[in-house]
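# Chains, contacts and geometry: an overview
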Amino acid sequence: MNRLNLLKALCEAPGVSGFEEPVLSLIEQEIAPFCHGLFYDRAGNLIAFRKGNQESGGCVLYSCHADEVGFVITHIEEDGRLRFEAIGMDPKVFTGRKVLIGENKIPGLIAVKPAHLVKKEERDQIPSAEDMYIDIGATCRREAEELGVFAQSAVFDSPFRPMGGHTVVSKALDDRVGCFLLCQLLMSERPYDAWFAFCVGEELGLRGSPAVARQVKPDLCINVECTTAGDLCGVEGRTRTCVLGEGAVLPFMDGASLYTPSLYRAARKLAQEQNIPVQTKTLIAGGTDAGAYQRSAGCAVLGLAVPTRYIHSANSLMDLRDMEAAEKLLRKLDERLPSLIQLVKGGEHHE
Amino acid sequence: MNDIASALSALYSCKTVSGSEEGLLDFIRETLPEPSRQVTRDTLGNVTVYCPCGKPGAKRLLVTAPADEFGFIVTYIDPDGKIRLHAQGTGVSLAPLYGLSAVCGEETGVLLSEKDPAEAGEDDFYLDTGASDAGEIAAVQGDLVWINRPPVVLRNDRLCLSGMGGKALCLCLTEVARLAMRLSFDVYYVFAAQNRLGARGAKAAAETLRPDIAVSLDLYPAGDTKVGKGPVIYAADAAGRATLSVVESLKKAAESIGISYQVSAKKHKTVPSALTSFAAAGAQTGILGLPCEKFDTVQQISEKDLKSMSALLSAYLIFEDETITGGETPLPEKEKEE
C-alpha cells in the first residue's frame, strides 16, 4: 500500500481500547510477508519478530500502541438512544460529534442540547458523559437492538485529510502514526534482529505492554508515540510543551517514565550529527508504554514522538515533516543498535 | 551503625535525586568491600547486593529501601537565564524549598518562584544562578537538580533528615548486608531507584527477581504511630495488605530480641508502594516503616528507631531461616570470635 494511503487506512480503522482487532488485522496483513514470527498474545497485543543478518548484542523491542480513544455503548434507552462510556477523553471534546458504531459502522450523533433550550444556569456547565447520549435515529429500544449496537465500540467519524501547509488532520493519529512508523521500519531492509509490538489498552492505563515486556524481556525498548503539542493560539514559551514543525520529539521524562539518560543523550547527539530536527518536551505530562517496560522488564527505554495538536479529541493535527524527522531518526537509531545496546549493557554494571 | 551522623552525612553526599542514583554505588562499594557479595546496578538504576546461600533452588528474599531523594529536573532554559524546573517526586511540601541553594551539574543557584511559595506548584520553581542570558547556562533540559539540605543531628536522639526521606534506610540495608549471615535462602538487598516516582525501582526488582518474600522499608508519617517508640510493622499500605504470616514473623522476630515495635494498618497515600508488583510476582509481602514527624518538611526521626529497624531486619532474617531449617542460624564468623 502507498505510504500515505497506509497512514490514512490506519487512522481510519476502528480500534478503541479493548476493540483493537480491526486495526491489528490491517497491520498484520501489511507486515506478515516481512516477519519471521508473528502472533497475538493472550492480552491481544500483536507481536512480530523480524530477523536481521547480524547480532545487535541484545534484545531490542520497538513498541507503539494500536488503540485509540473512543466510546463503548453501555445501555440502550427505551426510546432507542444510546448511553455510553468515554475512554480517555474530556466531555468538552465530544459534544455534538458524529460517531461510527461497531463493525457495521452505524452512524450516530453525540447529542447536545440546542442553545434555545439551555437554561441560564446551565450555560457555563459542561454536561458529564453520563448525561449524554448517542442518537442513531432509532425510535425504540428494539430498533436499536436489531442494529447490534449494544456493548459495541464507537469511534469518531473523522476522516484523514491533508490540510494547509504540511499538516494532516484525522482521528487516532495517537498512536496510528506510531503504528505506521513501526510498519515502515519492519518492512524495510534492516541489519539487526528486533521485536515489534503493537500494543493494546494503552489508553486504559498501559494495559497491554506489561504482557509484552514479560514475554519479550527486552534489554532496550524504543517506544514510538504521538505527544501533545501545546503550541495553541496565545500560548507562549515553555508551556507550549512541544511545537508543530520543529521536528521529532525526544522526551527525557513524562508522567510514567524517566527515559534512560544515556539513550536520550545519544539520540539527541545522533539527531544533531545527522541534521534531523528534534525537540524535547518542556512540561512533564502524560505517560506512555515505556513506563510499563521499565517497571515490568527493567529495561532501558527511549521515547520518540511526533508532536500532535488536539490529541484525545475527534480531530488531531500533525505536521508530516515532523513525522518524517521521526522516521529518519528511527532508522538511524536502528542502524546503530549495537552501540545503543553497549551503552545500556556496558558502563557501571556488574562487579 | 555506631556513628549515624557521619553515615548519614556520607549517604547525603551521594546526591541521588530520582533518576540519578549512580552515586550510591560507590557508597555501597566502600561500605561493603567484601567480594563475596555481588553488587550490581541495573539499567533502571537499582543497586542490588546479592547474598547467595549457595543452595540451588533456594528461596529468594528481597528487601528494598529507597535509594533516591527529592529534587527537581530541568525542563526549560528561559531566554533570560532562569532554569525552569519540575519537581521530581511527591510527598514534599514545596513552599519551604523557596530560597534554598541547589546544584545542577556545574551550576549553583537559589530556588525561587514568581508565585507566592505557598501557592507554587510542581512546575513553578526555577533555579536562579545569577545568569542574565540563556547562553551563560551550561545546564540542559533533563539535567537533575539536587537541593542543598544536609541532615541535622538534634538532642535527645532526634535527627532531621531534611528531605533525604526513605534514603536513610539504605543504612539499615548496608548494616544488615554487612553482617554476612549464613542463611538457607538467597537475599537480595535492593537499593531501589526512582522510589519517589512511584516505587518504580522496587516494582522492576519484583518483576525481574521474582522473590518468594519481599519486605519493603520506607519512611512513614507518624500520627497513629509515634517517633521513638520503635519501627512500625505495617499490615497494609496505600496499595493493599501485607501478608499476614510475614506480619506475624516480623512481630515475633522483634519480640525475640526484645525491641519495641509498633503496628499500624493506616494506608499512607503519600508513600509509594510496590505491593501490587510484589504480589503479582507471587511474593509474600512485608512492610516496615520508620515513623517520622513533619514528614513533608524537615522529616524528624529517632536515631534509636533507625538502629532498631536494622536489628529487627536482622532478627527477621534469622527468624525466617530458623523457620525454614528448623534450627539455629550460625552466627557470622566475626561475632563468634568476639
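This text follows the structure it describes.
Residues numbered from 1 in each chain as written. Chains lettered and ligands numbered in written order. Predicted model: local features only at pLDDT ≥ 70, side-chain atom pairs only at ≥ 80, totals over all residues. Heavy atoms only, no water.

### Considerations on the nonpolar core
As a reminder of what qualifies: Buried Ala, Val, Leu, Ile, Met, Phe, Trp, Tyr and Cys residues that are joined via side-chain atoms within 4.5 Å together make up what is termed a nonpolar core. Under the scheme applied here, a residue whose accessible area is under 20% of the maximum for its type counts as buried, over 50% as exposed, and between as partly exposed, the area being computed with a 1.4 Å probe on protein chains only. Runs of E in the DSSP output that reach at least two residues are strands. Runs of H or I that reach at least four are helices, and both are numbered from the N terminus.
One finds Ile27, Tyr62 and Phe198 of chain A together with Tyr189, Phe191 and Leu217 of chain B to be the most contacted residues of the largest nonpolar core, which totals 137 residues. For this core, the element with the highest residue contribution is helix α4 (residues 173-186) of chain A, accounting for nine residues. Ranked by size, the runner-up nonpolar core spans 22 residues in total, among them Phe94, Val99, Val149 and Ala314 of chain A.

### So, the packing of helix α8 (residues 320-335) of chain A against helix α9 (residues 337-345) of chain A
Residue and element names in this part refer to chain A. Stated precisely, the cut-off is as follows: To obtain an axis, a line is fitted to C-alpha atoms, over the contacting stretch when the element is a helix, and the angle between two such axes runs from 0 to 180 degrees between their N-to-C directions. Throughout this description, any angle smaller than 35 degrees is read as roughly parallel, any larger than 145 degrees as roughly antiparallel, any in the 65 to 115 degree range as roughly perpendicular, and the remainder as oblique. The contact definition used throughout considers only heavy atoms, calling two residues in contact when any of these lie within 4.5 Å. Throughout this entry, Asp, Glu, Lys and Arg are counted as charged residues, while Ala, Val, Leu, Ile, Met, Phe, Trp, Tyr, Cys and Pro are counted as nonpolar. The remaining residues, Gly among them, count as polar.
At a minimum axis distance of 5 Å, the contact between α8 and α9 shows a crossing angle of 70°. One finds that α8 runs roughly perpendicular with respect to α9. Residue-level contacts link Leu333, Asp334 and Glu335 of α8 to Leu337, Pro338 and Leu340 of α9. Residues belonging to the contact of α8 with α9 are distributed by class as follows: four nonpolar, no polar and two charged.

### Some thoughts on the packing of aromatic side chains
Heads up, the condition is: Stacked, tilted and edge-to-face are the three classes assigned to paired rings of Phe, Tyr and Trp, where Trp is represented by its six-membered ring and a pair needs centres within 6.5 Å; plane angles under 30 degrees give stacked, over 60 edge-to-face, the rest tilted. Two conditions define a charge sitting above a ring: the NZ of Lys or the CZ of Arg must be within 6 Å of the ring centre, and it must be within 35 degrees of the ring normal.
This structure, assessed with the given rule, holds 12 aromatic pairs over all chains. Ring geometry for Phe70 of chain B and Phe72 of chain B: centres 5.6 Å apart, planes at 75°, overall edge-to-face. When its relative accessible area of 0% is taken as the criterion, Phe72 of chain B is described as buried. Three or more aromatic residues link up through ring pairs in this structure, and these residues are Phe71, Phe84, Phe94 and Phe156 of chain A. Here the guanidinium or amino end of Lys15 of chain B rests over the ring plane of Trp146 of chain B, the centre of that ring lying 4.4 Å away. Sitting above the plane of the Tyr126 of chain B ring, Lys82 of chain B keeps its charged end 5.3 Å from the centroid.

### Thoughts on empty space enclosed by the protein
Residue and element names in this part refer to chain B. Rules: Cavity means a closed set of points on a 1 Å grid over the protein atoms alone, one where a 1.4 Å probe fits but cannot get out, pocket means an open set with protein on both sides within 12 Å along at least 5 of 7 lines, and lining means a residue has an atom within 4 Å of a point. Grid points are joined across faces, edges and corners, and a volume is the space filled by probe spheres set on the points.
Under the definition given, this model contains five cavities of 30 Å³ or more. One number sums up the size of the largest cavity: a volume of about 130 Å³. Counted by class, the lining of the largest cavity contains five nonpolar, seven polar and three charged residues. In this structure, the second largest cavity encloses a volume near 100 Å³. Along its surface, the second largest cavity is lined by 17 residues, and Thr64, Asn195, Ser216, Asp218 and Pro272 are the ones closest to its centre. Considering each element in turn, the lining of the second largest cavity owes the most residues, four residues, to strand β13 (residues 213-221). The class makeup of the residues in the lining of the second largest cavity is 11 nonpolar, four polar and two charged.

### Structural notes on the interface of chain A and chain B
Many descriptions give the size of an interface as the accessible area lost when the pieces come together. We apply this condition: Accessible-area loss on putting two parts together, using a 1.4 Å probe and summing over both, is the definition of buried area adopted here. One speaks of a salt bridge when a side-chain nitrogen belonging to Lys or Arg is within 4 Å of a carboxyl oxygen belonging to Asp or Glu. Definition of a polar contact: a pair of N or O atoms within 3.5 Å, with one able to donate and the other able to accept a hydrogen when the atoms are protein atoms, and with sequence-neighbouring residues admitted only if both atoms are side-chain atoms.
With 30 residues of chain A in contact, the opposing surface of chain B contributes 28 residues. Taking both partners together, chain A and chain B bury about 2,400 Å²; carbon and sulfur atoms supply 54% of that area. For Glu207 of chain B, the salt bridge identified is with Arg214 of chain A, shortest N-O distance 2.6 Å. At the surface where chain A touches chain B, the tally comes to six residue pairs in polar contact (both at pLDDT 80 or more). Elements supplying a minimum of two residues to the side of chain A that touches chain B: α6 (261-273) and α7 (289-297) of chain A. Per-element accounting of the side of chain A that touches chain B gives the leading share, four residues, to α7 of chain A. Grouping the constituent residues of the side of chain A that touches chain B by class yields 12 nonpolar, 10 polar and eight charged.

### Brief notes about the pairing of strand β7 (residues 107-113) of chain B
All names here are of chain B. Test applied: Strand pairing is assigned whenever DSSP identifies at least 2 bridges connecting the two strands.
Within β7, five of the seven residues are buried, leaving the element largely enclosed by the surrounding structure. In terms of strand pairing, strand β6 (residues 101-104) meets β7 through four bridges, oriented antiparallel. Bridge pairing links Cys104 to Glu107 in β7. Sheet topology places β7 next to strand β8 (residues 125-128); four bridges connect them, and they run antiparallel. If you follow Leu111 over to β8, its bridge partner there is Leu127.

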